[in-house]
Amino acid sequence: ARNVVKMKIDTISVPRTNFRFSVSASAMKKIGDEAVRMMIDRTKKGIDIDGMPFASYSPQYIKYKGEAGRVTDPVNLQFNGEMHRSMVVVATNNNANISYGDRQRALIALYHQTGNGQPQRKHFGFTSDQARRIMDMLTDAIRKAVKSDK
C-alpha cells in the first residue's frame, strides 16, 4: 500500500439532465497548480487549513533548524523545500489529482497532517476562502467549457 496524502479536484455534471460538458485537462492542470501554490503559500506563512497558526516546533528542532540558518517562526514545515517541491498535479479532462511524488516527502507530509509522533499541523487542504477561490476557478472553467461545447 502506498502511503501518500492525496487530494482530488473533480468537476461534476448537472444532475437529472442529459447536459454534459468537459473541462479540459489543461484547464484542470492550471486549477490544480494554483491550488498547490495556495497550499504552499499558506503553509509558508505558518497557517493551517482552519486558518490557525501551526503548533510550535519542539525546542530541540528549533535549535537544530536555527543552527542551520532556517526560519523557526512562523512554523512553516519547510527545511529545504523538498516536501513542497514534491507536490505534483496530474490532470485529465474534468479532474486534477494533487499528491506528493516522493514517498519520503509524502510520509513526512502525512505525519504533519495526522500528528503521527508530533503535533498535528493540517497543511494539506484549503481554508474556506481558498476553497471558494478554487470553486470560482472551476465555475469559470465550466462556463468556458459549456460555451465551447455549444
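Conventions adopted
Residues numbered from 1 in each chain as written. Predicted model: local features only at pLDDT ≥ 70, side-chain atom pairs only at ≥ 80, totals over all residues. Heavy atoms only, no water. Helix = DSSP H or I, 4+ residues; strand = E, 2+ residues; numbered from the N terminus. Buried < 20%, exposed > 50% of the residue type's maximum accessible area, 1.4 Å probe, protein only. Contact = heavy atoms within 4.5 Å. Areas by Shrake-Rupley, 256 points an atom, 1.4 Å probe, with all protein chains shown as cover. Phe/Tyr/Trp six-rings, centres within 6.5 Å; stacked < 30°, edge-to-face > 60°. Lys NZ or Arg CZ within 6 Å of the ring centre and 35° of its normal. Core = buried A, V, L, I, M, F, W, Y, C linked by side-chain atoms within 4.5 Å. Expected span 1.5 Å × (residues − 1).

Undergrad: Just to check I follow, could you spell out the overall build of the protein chain for this structure?
TA: Check the secondary structure of the protein chain and you find five helices and three strands. Tracing the protein chain from N to C terminus, the helices and strands come up as β-α-α-α-β-β-α-α. Within the protein chain, the proportion of its 150 residues that are buried is 37%. Partitioning the contacts of the protein chain with sequence separation of at least 6, the portion at a separation of at least 24 is 63%. For the protein chain, the exposed surface amounts to about 9100 Å²; the carbon and sulfur share of it is 51%.

Undergrad: Even after reading the chapter, I still don't get the packing of aromatic side chains, so can you show me in this structure?
TA: For any pair of aromatic rings, the description rests on two quantities: the centre-to-centre distance and the angle between the ring planes. In this structure the tally under the stated criterion is four aromatic pairs. Every member of this aromatic cluster is reached through a ring pair, and the members are Tyr57, Tyr61, Tyr64 and Phe79. Positioned over the ring face of Phe79 is Arg70, at 4.7 Å from the centre of the ring.

Undergrad: Mind showing me how you'd approach the nonpolar core here?
TA: Where a protein is soluble and globular, its nonpolar side chains tend to be buried together. In this structure, Met87, Ile98, Tyr100 and Ile134 are the most contacted members of the largest nonpolar core, which totals 28 residues. At the level of elements, α1 (25-44), β2 (87-92), β3 (95-100), α4 (103-114) and α5 (128-149) are the ones that each hand at least two residues to this core. Top element by residues in this core is α1. It accounts for seven residues.

Undergrad: Hey, could you run me through α1 in this one?
TA: Along an α-helix, a turn takes 3.6 residues, which lines up residues three or four apart on a common side. In a regular helix each residue adds 1.5 Å, so 20 residues correspond to 28 Å; α1 covers 28 Å between its end C-alpha atoms and thus fits that length. Phi for Gly46, located one or two positions after α1, is positive at around 80 degrees.

Undergrad: Looking at this model, I keep getting lost on the environment of Arg37. Mind explaining?
TA: Summarising the element assignment, Arg37 is placed in helix α1. According to the relative accessible area criterion, Arg37 is partly exposed, its value standing at 35%. For the pair Arg37 and Met87, spaced 50 residues apart in sequence, the C-alpha separation works out to 9.8 Å.

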